[in-house]
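# Close look at the chain arrangement
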Amino acid sequence: PTPAIRGEVIDANGVVLAHNYPAYSLEIVPSQLEVKTDDMIEALRAYVDITDGDLRRFRKFRAEFRSYEKIPLKLKLLPDEAAKLAAQLYRFKGVEINARTFREYPYGQLTAHFLGYIGRINQKEKEAIDEMEPQVQANYKGTDYIGKLGIEQSYEELLPGTTGVEQMETSAGGRAVRRLASSPATPGQTIMLSIDLKLQKLVEDMFGERRGALVAIDPQSTT
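Residues numbered from 1 in each chain as written. Predicted model: local features only at pLDDT ≥ 70, side-chain atom pairs only at ≥ 80, totals over all residues. Heavy atoms only, no water.

## Side note on the pattern of salt bridges
Throughout the structure, instances matching the rule amount to 13 salt bridges. Of the charged contacts in the structure, one is a salt bridge between Glu27 and Arg100, with a shortest N-O distance of 2.4 Å. With Glu27 in strand E2 (residues 16–28) and Arg100 in strand E4 (residues 95–104), this residue pair connects regions lying 73 residues apart in the sequence. Relative accessible area serves as the criterion here: at 2%, Glu27 is assigned to the buried category. Residue Arg100 is classed as partly exposed on the basis of its relative accessible area of 27%. Between Glu152 and Arg103 there is a salt bridge, with the nearest N and O atoms lying 2.9 Å from each other. (Salt bridge = Lys/Arg side-chain N within 4 Å of Asp/Glu carboxyl O. Helix = DSSP H or I, 4+ residues; strand = E, 2+ residues; numbered from the N terminus. Buried < 20%, exposed > 50% of the residue type's maximum accessible area, 1.4 Å probe, protein only.)

## Thoughts on the side chain of Glu81
Position of Glu81 relative to the elements: it lies in helix H3 (residues 79–86). As a buried residue without a salt bridge, Glu81 has its nearest oppositely charged side chain in Lys74, at a separation of 5.2 Å. The contacts of Glu81, once residues within four sequence positions are left out, are Tyr47, Val48, Asp49 and Lys74. (Lys, Arg positive; Asp, Glu negative; His and termini not counted. Contact = heavy atoms within 4.5 Å.)

## Structural notes on the environment of Arg6
Mapped onto the elements, Arg6 comes out in the segment before strand E1 (9–10). Other than its neighbours up to four places away in sequence, Arg6 contacts Asn20, Arg103, Ile118, Gly147, Glu152, Glu156, Leu159, Pro160 and Gly188. Reaching out from Arg6, the side chain makes a polar contact with the side chain of Glu156 at a distance of 2.9 Å. (Polar contact = N/O pair within 3.5 Å; in protein donor to acceptor, adjacent residues only side chain to side chain.)

## Brief notes about H3
Within the span of H3, buried status applies to Glu81, Ala82 and Leu85. Here the buried residues of H3 occupy an arc of 95° about the axis, which is enough to place them on one side. Among the exposed residues of H3, those pointing more than 90 degrees away from its buried face are Pro79, Asp80 and Ala83. Residues of H3 that are buried sit in contact with E2, helix H1 (37–44), strand E3 (71–74) and E4. (Arc of directions from axis to C-beta.)

## As for the packing of aromatic side chains
What the rule picks out here adds up to two aromatic pairs. Each ring, one from Tyr21 and one from Phe102, has its centre 6.0 Å from the other, and the planes form 35°; the classification is tilted. With Tyr21 in strand E2 and Phe102 in strand E4, this pair connects stretches of sequence that are 81 residues apart. Note on Phe102: relative accessible area 10%, which makes it buried. (Phe/Tyr/Trp six-rings, centres within 6.5 Å; stacked < 30°, edge-to-face > 60°.)

Given below as structure tokens:
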């Protein structure tokens, strides 16, 4: 699977409220390794801070991915980590540094209550996906994230886009031999809201530390 870029969310004036940014990830292709996976990870620790959380996520992915697929070991490498390791990659067959996209909400708590967020697919959501049409199920093969609340959840059918596919011929041992066919991923749709971010900010500043809600009962103009 080739993951698609999630669609942006913008306000009524085109201000971007949710978007994606690129970052480098450390990934391993098990079928290409010439040493044991644990030995390779230990060697990589000299260049990258690999946490227990990174290892738990990697082992989870390892059980779900095929041996010729790229399995993330460390997400969002620091610039100095990526640079230091990139110069030594020739020593680590089966290890790659690849660009991935991550979700960002530039206005933080100002928009959090209606945007919601994306998070890892949990067991309950996975079971729900397994009940969906095959083409919908296939769309979640390229990602382990899903909209959890708010706009991200309400427009889950439109925001993720369509996962692309690379069809590979493999050897009996799972090593990739050649690419047979491929179809590119389609980015998700941009969602425009009726919300005006400037007005939202004005109202929040007026409320200060107080809790509450403001309703425009009889608006006569947009000025």
